Amino acid sequence: MSARRLLLLGPPGAGKGTQSERLVKSLAIPQVSTGDMLRAAVKSGTPVGRQAQGFMERGELVPDAVVIGVAEERLSQPDARSGFILDGFPRTAAQAEALDQMLVKLGVTLERCVALQVEEDELVKRLLKRAEIEGRSDDNEETIRTRMRVYREQTQPLIDYYRARGVLREIDGLGTVEAVGERVQGALAS
Ligand code: AMP
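Rules used in this analysis
- Residues numbered from 1 in each chain as written.
- Predicted model: local features only at pLDDT ≥ 70, side-chain atom pairs only at ≥ 80, totals over all residues.
- Heavy atoms only, no water.
- Core = buried A, V, L, I, M, F, W, Y, C linked by side-chain atoms within 4.5 Å.
- Buried < 20%, exposed > 50% of the residue type's maximum accessible area, 1.4 Å probe, protein only.
- Helix = DSSP H or I, 4+ residues; strand = E, 2+ residues; numbered from the N terminus.
- Near = heavy atom within 4 Å.
- Polar contact = N/O pair within 3.5 Å; in protein donor to acceptor, adjacent residues only side chain to side chain.
- Nonpolar A, V, L, I, M, F, W, Y, C, P; charged D, E, K, R; others polar.
- Contact = heavy atoms within 4.5 Å.
- Salt bridge = Lys/Arg side-chain N within 4 Å of Asp/Glu carboxyl O.

Asker: Could you give an account of the nonpolar core, naming the residues involved and the relevant values?
Answerer: Among the nonpolar cores identified, the biggest contains 31 residues, and F84, L86, F89, L99, M102 and Y162 are the most heavily contacted of them. Per element, the largest residue contribution to this core is six residues, and it comes from helix α4 (residues 64-75). Residues L6, L23, L127 and I171 belong to the second largest nonpolar core, which totals 20 residues.

Asker: Any chance you could break down the site of the ligand for me, citing the residues and the numbers?
Answerer: Looking at the ligand, there are 15 residues lining it, with T34, R39, E60, G88 and Q95 nearest. Interatomic distance of 2.9 Å between a side-chain N/O atom of Q95 and a nitrogen atom of the ligand. Considering each element in turn, the shell around the ligand owes the most residues, four residues, to helix α2 (residues 34-44). Tallied by class, residues from the shell around the ligand come to six nonpolar, four polar and five charged.

Asker: Tell me about the environment of V42, and name the residues and values.
Answerer: Inspection of the secondary structure puts V42 in helix α2. According to the relative accessible area criterion, V42 is partly exposed, its value standing at 23%. A C-alpha to C-alpha distance of 6.0 Å links V42 and Q53, two positions eleven residues apart in sequence. Leave out the neighbours within four places in its chain, and V42 touches G49, Q53 and M56.

Asker: Describe the pattern of salt bridges, and please don't skip the residues or the numbers.
Answerer: Evaluated as defined, the whole model comprises 17 salt bridges. Of the charged contacts, one joins D138 and R136 as a salt bridge, the two residues approaching to 2.9 Å between their closest N and O atoms. The pair D138 / R136 is uniform in exposure class, with both members buried. As a salt-bridge pair, R147 and D138 come within 3.9 Å of each other at their nearest N and O atoms. In this structure, R147 and D138 share a single accessibility class: buried. One salt-bridge network, in which partners are shared between bridges, spans R130, R136, D138, D139 and R147.

Right under this line is the structure:
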């Protein structure tokens, strides 16, 4: 049986979004992407969007309180009851602790954290390519460098946090979408 309460962890450009989309289809559970939700909030000019916009444009993290609120609201919705794929949340120790509390309230546990490993040169290459295709305003070289540093300093330590829980599986994120997808499936079944 595949795990259904999942977290995909990895640096920007590692393929979290792409692999999440595959899992949405194969497991029929929602993707919870704080990045997507924040971009939608910025686009429609909500108070959350207005708070987040500057941080996102600079490649910095949006303050924990804002992001935690967004994630909690989404995870509380009925379609997340049978499972969810967290993509891009948590990104800090404080967010990881807040997630633990949310899950206790919801009466569920995180079953797997799959960490996608890709070296930095490859990540920068991928993100610059995505900039050409999708035109995301935070996919420029300076912002990419900031996002990599933020990942190393604030998010990478979460790998140890989830390893200590026994839910971590680390996989190689290099290869075709299908090849990485098979590794993800393997990590969920093991
Ligand atoms: P992503 O699409 O996950 O790469 O997120 C894009 C941007 O949204 C990030 O560079 C941050 O500015 C912001 N963001 C998304 N998720 C989080 C989070 N969990 N904590 C703080 N900021 C976030």
